[in-house]
Amino acid sequence: MRLRPLVPRRLPSTNSTTSYRVNRRTSWTLAMSASQPSLSSSSPVKLALLGGGNFARNTYAPVLERDFKGLVEVSAVWSRSEKGVSEVFDLVSSYAPGVVKEFGDEGLENILDSDQVDAVVVILPPKPALSVTVRALERGKHVLQEKPVGTGSEEIEAALARYEKLGQWRPVWGVAENYRFEEVFAYSRQLIEQSLGSVISINLNAASALNDSSVYWHTPWRHSTDELPAVGGVGVGYLFEGPVHFMAAVRRLVGDVGTSGKVTTSASLQQRNPDLNQLDTVSGWLRFESSTEACTCSFVITKAARVPKTVFLLTCEEGNIEIESLPGKYVLRAQGTDEVLPLLEKEFPFNGVKNEIDCFVKAVCKHKEVLGSTFERKVGFIDQHYPDLSALEAYKDVQCLLAMFKSATSNQVESID
């Protein structure tokens, strides 16, 4: 088969009927709001998976089957090679019997020309991912691109400029940064806004070991200084591709000042892991500052620690929050004064991937709902209604890391305006 061309001061609830809303520019909710299309009443979004690697097989394929039946129809899978697409095809075809297998440039063209594909999920290494993303957007396909959005400022800014030129009814370009959609960070941000006051400081310790027992070790592009950034000719790929998550989480937690303020940073790099021929440890600080508030994040991110531990410690005006990542879950502990917030402890699942796909599908449905309707001239720029998916936000995450690496080289404080 071939494809056919073409706001009270109270604790936020965690039950399924409550929307998470924050005063920051975000419009994402964990539950459906009245302004968003009802997915159950919409025709399924016809989706193609572009990529056949670990994350496509182990995360996207099962999540789409488990959580999006009737909402998403996987109509095609693609990889750069026939071998690469076979395994993910076998997984997806078990619940999407009409799915088509494509590979190579001709296969990609078939998908981009097909009227059986509304949107694509790009699950490739960052450099080819950005190229495929722009190509798909310019062919009218909505895109959910796995993070990071790119590896360098010049290429990302060029892609953003090409996207802007697509005009008011451009397709939705979402970047799948699942930490921005993790329920624990949304809940924490609401605690800050409703009870604990502005964030004064964040301390982040993200320690893990990396060796050949990890599935991510056996991906050559993560070891490459061509595919990922390098400092002085030495790779920093594992300090870039994964820790971009932490930049998203920190910026999510600090709120508006992390989105629209000035950022400065000072950092140092080390190589401590004898198994990894890269710089594997970065430490220093990030300062987020606006005309009305400022917040400093101190951090140590390392791939050289044999005992893993990831903890965010937030000091706020009226209390503190600790978020610890454990196998299969987050544990949140928060406390303010007795009248503001008694001691609180909650567990949260890892659900950022599900939530980001949900947000993307809603954005695509909204685009389809409004395009051609009587509201078309009044709305437009549907992507701007879903800013947590924004490629610009994803670029700001990348900018933080690139500035840290630059600071480690220059031995100076670097800034992002």
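Structural data are supplied above this passage.
Because the structure is predicted, anything quoted here is derived from the model rather than measured.

K.L.:
How would you sum up the nonpolar core? Please name residues and give values.
P.N.:
Val149, Trp173, Phe312 and Leu332 are the most contacted members of the largest nonpolar core, which totals 83 residues. The greatest single-element share of this core, amounting to 10 residues, is contributed by helix α10 (residues 391-410). Dropping the residues within four chain positions of it, Trp173 is found in contact with Leu130, Thr133, Leu137, Val143, Gln145, Val149, Ala159, Leu160, Tyr163, Leu389 and Ala391. Val172, Val353, Ile357 and Val361 belong to the second-largest nonpolar core, a separate cluster that totals 39 residues.

K.L.:
Explain the pairing of strand β12 (residues 294-302) to me, using residue names and the numbers behind them.
P.N.:
Pairing between strand β7 (residues 199-209) and β12: seven bridges, direction parallel. Bridged to Ala207 within β12 is Thr302. Bridging between strand β11 (residues 281-289) and β12 involves nine bridges; their strand directions are antiparallel. Of the residues in β12, the one forming a bridge with Trp285 is Ser298. Linkage of β11 to β12, two consecutive antiparallel strands, is achieved through a turn of four residues.

K.L.:
Got a sec to walk through the sheet that holds strand β16 (residues 344-349)? Specific residues and values, please.
P.N.:
Strand order in the open sheet made by the nine strands is β16-β15-β14-β13-β7-β12-β11-β10-β17, with mixed pairing throughout. A strand with exactly one partner marks an edge of an open sheet, and here the two such strands are β16 and β17 (414-416). Between one strand and the next, the sheet's axes are offset by a mean angle of 20°, whatever the strand orientation. The strands touched by α10 are β10 (262-270), β11, β12 and β17; relative to β10, the strand with the most contacts, the crossing angle is about 55°.

K.L.:
Which residues make up a negative patch on the surface, and what values go with them?
P.N.:
A surface patch of like charges, here negative, comprises Glu317, Glu318, Asp338 and Glu339. Mapped onto the elements of the fold, Asp338 is located in the loop between β15 (329-336) and β16. Judged by its relative accessible area of 65%, Asp338 is exposed.

Calculation rules
Residues numbered from 1 in each chain as written. Predicted model: local features only at pLDDT ≥ 70, side-chain atom pairs only at ≥ 80, totals over all residues. Heavy atoms only, no water. Core = buried A, V, L, I, M, F, W, Y, C linked by side-chain atoms within 4.5 Å. Buried < 20%, exposed > 50% of the residue type's maximum accessible area, 1.4 Å probe, protein only. Helix = DSSP H or I, 4+ residues; strand = E, 2+ residues; numbered from the N terminus. Contact = heavy atoms within 4.5 Å. Pairing = 2+ DSSP bridges. Axes fitted to C-alpha atoms, helices over the stretch in contact; angles between N-to-C directions. Patch = residues over 30% accessible without salt bridge, like charges linked within 9 Å, V, L, I, M, F, W, Y side chains within 5 Å. Areas by Shrake-Rupley, 256 points an atom, 1.4 Å probe, with all protein chains shown as cover. Salt bridge = Lys/Arg side-chain N within 4 Å of Asp/Glu carboxyl O. Lys, Arg positive; Asp, Glu negative; His and termini not counted. Charge placed at Lys NZ, Arg CZ, Asp CG, Glu CD.

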